Amino acid sequence: MQVFAFNLSPFRFNLSAYLTVWPFNKKTTIAASGILAGAADHHSHILPGVDDGVETMNEALRILATYETLGIKELWLTPHIMEDIPNTPEKLMECFARLKAAYTGTVELHLAAEYMIDNNLRKLLNDNKALLPIGTASKHILVETSYYNAPIRMNETLQQIKSMGYFPLLAHPERYIYLDNDEYLKLHNEGVKFQLNLASLAGGYGTTVKKRALWLLSNGLYSVAGSDLHCEEAVEFITKFNLDKQTIEQVERLLHNSI
Ligand SMILES: [Fe+2]
């Protein structure tokens, strides 16, 4: 009996440790983790027929139905505004009204835009034109740049946005290979906010971008997260890839942050 007790004790200890530690190390997906319940997607191209994103109302409505099943509460529609896609707020608001009229589900829809830092944006700023801000406080402007080169007068344009009372929200900074860690920190310290693309964590843009995203995430430099969704097929890709528990918790904070 003593021998049995001696043998059982280490077994109990090991089993207990295994059961305690294993779930913490277990990887899970964004969809399976439950963190999408009540979440906000701060970057998408789901407003149909206005840019390189979703083309038809039916596809947009199917995506919104999927968002409902995932528990997503809030969706920011952020069509491109750039020299090559010169959308105007008036045109986008008309399209947004059509989507709102066609959609009867539970996801809260908001209209903003993703502005390329280019001559078109500089002209809008110089002419003091109305912009489409993002966030419930209407205090942020979602901006993007080329992935490879810093745009001319980037800092001047960011300053101009700030002088108008907005925070620039830099879309998917992890994708800009011209930025290094010091430059990320400098921008962040200067009041530029960062938005994470979920696909970056899935390796959707390669391992370098994924490493940058994990570095920005672990250093607390992101404010919000988004899908940057351009088509229906991408929903599964960005919600069903494995992440460890710590990363899931970090992403959860971004998906539930409000700006
Ligand atoms: Fe985008």
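Whatever comes next refers back to the structure up there.
Calculation notes
- Residues numbered from 1 in each chain as written.
- Predicted model: local features only at pLDDT ≥ 70, side-chain atom pairs only at ≥ 80, totals over all residues.
- Heavy atoms only, no water.
- Axes fitted to C-alpha atoms, helices over the stretch in contact; angles between N-to-C directions.
- Helix = DSSP H or I, 4+ residues; strand = E, 2+ residues; numbered from the N terminus.
- Parallel < 35°, antiparallel > 145°, perpendicular 65-115°, else oblique.
- Left-handed = near helix turned anticlockwise from the far one by under 90°.
- Contact = heavy atoms within 4.5 Å.
- Nonpolar A, V, L, I, M, F, W, Y, C, P; charged D, E, K, R; others polar.
- Expected span 1.5 Å × (residues − 1).
- Buried < 20%, exposed > 50% of the residue type's maximum accessible area, 1.4 Å probe, protein only.
- Arc of directions from axis to C-beta.
- Phe/Tyr/Trp six-rings, centres within 6.5 Å; stacked < 30°, edge-to-face > 60°.
- Lys NZ or Arg CZ within 6 Å of the ring centre and 35° of its normal.
- Donors = N, O, S within 2.8 Å, 3.2 Å for Na, K, Ca; no water.
- Tetrahedral: all angles 85-135°; square planar, octahedral: opposite > 155°, others 65-115°.

**So, the packing of helix H3 (residues 57–70) against helix H4 (residues 89–102)**
Look at H3 against H4: their axes get within 11 Å of each other, and the N-to-C directions meet at 60 degrees. In terms of their interaxial angle, H3 and H4 are classed as oblique. Every pair of crossing elements has a handedness; the one defined by H3 and H4 is right-handed. Between H3 and H4, the contacting residues are Met 57, Ala 60, Leu 61 and Leu 64 on the first element and Arg 98, Leu 99 and Ala 102 on the second. Across the contact of H3 with H4, the residue classes break down as 6 nonpolar, no polar and 1 charged.

**A few points about H3**
Three- or four-residue spacings in an α-helix give side chains the same orientation, since the helix completes a turn every 3.6 residues. The terminal C-alpha atoms of H3 lie 20 Å apart, and with 14 residues this matches the ideal 20 Å at 1.5 Å per residue to within 8%. Residues of H3 that are buried: Glu 59, Ala 60, Ile 63, Leu 64 and Tyr 67. With its buried residues spanning 140 degrees around the axis, H3 presents them on a single face. In this structure, H3 carries Asn 58 and Thr 69 as exposed residues pointing more than 90 degrees from its buried face. At the exit of H3 stands Gly 71, carrying a positive phi of roughly 90 degrees.

**Here's the deal with the packing of aromatic side chains**
The tally for this structure, following the rule as stated, stands at 5 aromatic pairs. Judged by centre distance (6.3 Å) and plane angle (35 degrees), the ring pair of Tyr 184 and Trp 215 falls under tilted. Taken together, the positions of Tyr 184 in helix H7 (residues 181–189) and Trp 215 in helix H9 (residues 207–218) put the pair 31 residues apart, joining distant regions of the chain. The class of Tyr 184 is buried, set by a relative accessible area of 1%. Of the residues examined, Trp 215 reaches a relative accessible area of 24% and is grouped as partly exposed. An aromatic cluster of three or more residues is present, and its members are Tyr 147, Tyr 148, Tyr 176 and Tyr 178. Of note, Arg 175 hangs over the ring of Tyr 205, and the distance from its end group to the ring centre comes to 3.7 Å.

**Quick look at the coordination of the iron ion**
The coordination sphere of the iron ion contains the protein donors His 43 (NE2), His 45 (NE2), Glu 114 (OE) and Asp 228 (OD), at a distance range of 2.1 to 2.4 Å. Because the angles between the 4 donor atoms bound to the iron ion fall within 80 to 166 degrees, the donor set is best described as irregular. Of note, the iron ion draws all its donor residues from one chain, in the sequence arrangement H-x1-H-x68-E-x113-D. Separated by 185 residues along the polypeptide, His 43 in the loop between strand E2 (40–41) and H3 and Asp 228 in the loop between strand E10 (222–226) and helix H10 (234–239) bring together distant segments of the chain. His 43 gets classed as buried once you look at its relative accessible area, which sits at 0%.

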